[in-house]
Amino acid sequence: MSDALKFLVQARPEAMGHYFSFLKDCGTRLDPKTRNLISVITKVHAQTERGLRQYLVRALREGCSGEEILDALLMAFPALGLAKIVWAVDVILAMELPEFAFAAGAVQVQPHWHDLPDAAGIPEGATRRIECDGRAVFVHHGAQRWRVFDSRCPHQSTDIPQLALEGGTLTCPRHGWQFDAASGACTAHGDQPLREWDCRLHEGRLQVFW
Ligand code: FES
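Now for a quick tour of the structure. On a predicted model such as this, the values are computed, not experimentally measured, just so you know.

**Here we look at the overall build of the protein chain**
Move 1: Per the secondary structure count, the protein chain includes six helices and 10 strands.
Move 2: Rg of the C-alpha trace for the protein chain: 19 Å, near the compact-globule value of 17 Å for 210 residues, within the 12% margin.
Move 3: Reported as C-alpha extents along the three principal axes, the dimensions of the protein chain are approximately 50 × 45 × 30 Å.
Move 4: Scored against the burial criterion, the 210 residues of the protein chain give a buried share of 38%.

In structure tokens, the structure reads:
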């Protein structure tokens, strides 16, 4: 939420409460992907970069593909016009999201299991950032099981570095959202957990699925 919106919520809690209830109710009959695509389009229409980054990350996390987001923007051409779509694509490319690698000519492949050989050296209880096939992840070696989290912040997609890890807490350097490195839960300043990838031990090797 922007500082301006936070101010309005504090200054006019009742009126803003009605506004948020209205928005929430409007989307209840839509499936999550449609709702997210419409939200992305509204952020492009308003040309709010912070909002676009935030809703783009949310749309990807809730199942939209990069291709679908691009289709949605192009379908909204009559309302957005070329200038706003180009502006949005500039923002998207600057975010370097793997989901949009196809735009740079990368070959698209079906989701599959990827080996994480560097995970072998992570002692139990520790977390480490590992790069693998174009993505970075935080791998946590728990007593009961391994967990693998995307290194991209769920707020505005900042790539969180290894240096952001202190004790068991990850702090995003951009706006300070904090996460529990063992569970991925957001513990301060934000309201979304780290994106978690499915992982498994296969023939002694840790693998992650995307
Ligand atoms: S991008 Fe805003 S806290 Fe991470």
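**A closer look at the sheet that holds strand S2 (residues 127–132)**
Move 1: Spatially, six strands are ordered S1-S10-S9-S4-S3-S2 in an open sheet, and the strand pairing comes out antiparallel. Of all strands in the sheet, those bounded by a partner on one side alone are strand S1 (113–115) and S2. Along the sheet, successive strands turn relative to each other by an average axial angle of 35 degrees, direction set aside.
Move 2: Alignment of S1 against strand S10 (residues 205–209), held across three bridges, turns out to be antiparallel. In the strand pairing of S10, aspartate 115 is matched with glutamine 207.

**Digging into unusual backbone geometry**
Move 1: A positive phi angle, close to 50 degrees, is found at glutamate 96, a residue other than glycine.
Move 2: Take glutamate 96: it is sitting in the loop between helix H6 (77–95) and S1.
Move 3: Unlike most non-glycine residues, glutamate 203 shows phi in positive territory, near 50 degrees.
Move 4: Summarising the element assignment, glutamate 203 is placed in the loop between strand S9 (196–202) and S10.

**Overview of the sheet that holds strand S6 (residues 169–171)**
Move 1: In space, the four strands of this open sheet follow the order S5-S6-S7-S8, with antiparallel pairing throughout. The two strands at the open ends of the sheet, each matched to only one other strand, are strand S5 (165–166) and strand S8 (186–188).
Move 2: Two elements, strand S7 (residues 178–180) and S8, share two bridges in a ladder whose sense is antiparallel. For glutamine 178, the partnering residue across the bridge sits in S8 and is alanine 188.

**Points about the nonpolar core**
Move 1: The biggest cluster of nonpolar side chains holds 23 residues, and the ones touching the most others in it are Val40, Val44, Leu52, Leu56, Ile69, Leu73 and Phe100.
Move 2: Of all elements in the fold, only helix H3 (32–46), helix H4 (49–61), helix H5 (66–75) and H6 reach the threshold of two or more residues within this core.
Move 3: The greatest single-element share of this core, amounting to seven residues, is contributed by H6.
Move 4: Here leucine 52 is in contact with Val40, Lys43, Val44, Trp87, Ala88 and Val91, once residues within four sequence places are set aside.

**Some thoughts on the packing of H3 against H4**
Move 1: Between H3 and H4, the least distance of the axes is 9 Å, while the angle of their chain directions is 165 degrees. Relative to H4, the element H3 is oriented roughly antiparallel. Judged by the sense of rotation from one axis to the other, the crossing of H3 with H4 is left-handed. Each of Asn36, Ser39, Val40, Lys43 and Val44 in H3 lies in contact with H4, whose residues at this interface are Gly51, Leu52, Tyr55, Leu56, Arg58 and Ala59.
Move 2: Looking at side-chain class alone, the contact of H3 with H4 contains six nonpolar, three polar and two charged residues.

Calculation criteria
- Residues numbered from 1 in each chain as written.
- Predicted model: local features only at pLDDT ≥ 70, side-chain atom pairs only at ≥ 80, totals over all residues.
- Heavy atoms only, no water.
- Helix = DSSP H or I, 4+ residues; strand = E, 2+ residues; numbered from the N terminus.
- Rg over C-alpha atoms; globule rule 2.2 N^0.38 Å.
- Buried < 20%, exposed > 50% of the residue type's maximum accessible area, 1.4 Å probe, protein only.
- Pairing = 2+ DSSP bridges.
- Axes fitted to C-alpha atoms, helices over the stretch in contact; angles between N-to-C directions.
- Core = buried A, V, L, I, M, F, W, Y, C linked by side-chain atoms within 4.5 Å.
- Contact = heavy atoms within 4.5 Å.
- Parallel < 35°, antiparallel > 145°, perpendicular 65-115°, else oblique.
- Left-handed = near helix turned anticlockwise from the far one by under 90°.
- Nonpolar A, V, L, I, M, F, W, Y, C, P; charged D, E, K, R; others polar.

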